[in-house]
Amino acid sequence: MAGKIRVNPKNSKVLAGILYITELKAVLISKSKVLAELVEYDNNLVYPGIGKLVEYNGPYIRLKK
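In this report, the structure presented in the accompanying data block is examined. All values reported here derive from a predicted model rather than from experimental measurement.

### Details of the pattern of salt bridges
So, point 1. Within the structure shown, the criterion is met by one salt bridge.
So, point 2. Of the charged contacts, one joins E23 and K52 as a salt bridge, the two residues approaching to 3.8 Å between their closest N and O atoms. Pair noted here: E23 is in helix α1 (residues 23-29) and K52 is in strand β5 (residues 51-56), with a separation of 29 residues, a long-range link.
So, point 3. Relative accessible area serves as the criterion here: at 36%, E23 is assigned to the partly exposed category.

In structure tokens:
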């Protein structure tokens, strides 16, 4: 089981109960083979002020910074 990633409002958005993370965050967690499998690059969106976001299907901790 993979550990939880830490996300905040600057590098992620939760829309309709689905976590989307920035491409930069996705690249950083992709260094772990287990976490890389949890990123869905095909499911993406462009969010104003943040840029392109990709879907993440694993456990996470949401910080309120």
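### Notes on the nonpolar core
So, point 1. If you look at the biggest cluster of nonpolar residues, it comprises ten residues: I5, V7, L19, I21, A26, I29, L35, V39, V54 and Y56.
So, point 2. Listed by contribution, the elements that provide at least two residues to this core are β1 (5-7), β3 (18-22), α1 and β5.
So, point 3. Those residues within four positions of I5 in sequence are excluded, and the remaining contacts are I21, K25, I29, L35, Y56, P59, Y60 and I61.

### Examining the pairing of strand β4 (residues 39-47)
So, point 1. Relative to β5, β4 runs antiparallel, the two being bridged by six bridges. Note on β5: the bridge partner recorded for N44 is V54.
So, point 2. Here β4 folds back onto β5, and the loop between the two strands holds three residues, one of which, G49, carries a positive phi near 85°.

### Some points on the sheet that holds strand β2 (residues 12-15)
So, point 1. Sheet architecture is open: four strands sit in the order β2-β3-β5-β4, paired in antiparallel fashion. The outermost strands of the open sheet, each flanked by one partner alone, are β2 and β4. Each neighbouring strand pair of the sheet contributes to a mean axis angle of 35°, computed without reference to strand direction.

### Observations concerning the environment of K25
So, point 1. In this structure, K25 sits in helix α1.
So, point 2. Given a relative accessible area of 17%, K25 falls into the buried group.
So, point 3. C-alpha of K25 to C-alpha of Y60: the two residues are 35 residues apart in sequence and 12 Å apart in space.
So, point 4. Once residues lying within four places of it in the same chain are set aside, the contact partners of K25 are I5, R6, V7 and N11.

Rules behind the numbers
Residues numbered from 1 in each chain as written. Predicted model: local features only at pLDDT ≥ 70, side-chain atom pairs only at ≥ 80, totals over all residues. Heavy atoms only, no water. Salt bridge = Lys/Arg side-chain N within 4 Å of Asp/Glu carboxyl O. Helix = DSSP H or I, 4+ residues; strand = E, 2+ residues; numbered from the N terminus. Buried < 20%, exposed > 50% of the residue type's maximum accessible area, 1.4 Å probe, protein only. Core = buried A, V, L, I, M, F, W, Y, C linked by side-chain atoms within 4.5 Å. Contact = heavy atoms within 4.5 Å. Pairing = 2+ DSSP bridges. Axes fitted to C-alpha atoms, helices over the stretch in contact; angles between N-to-C directions.

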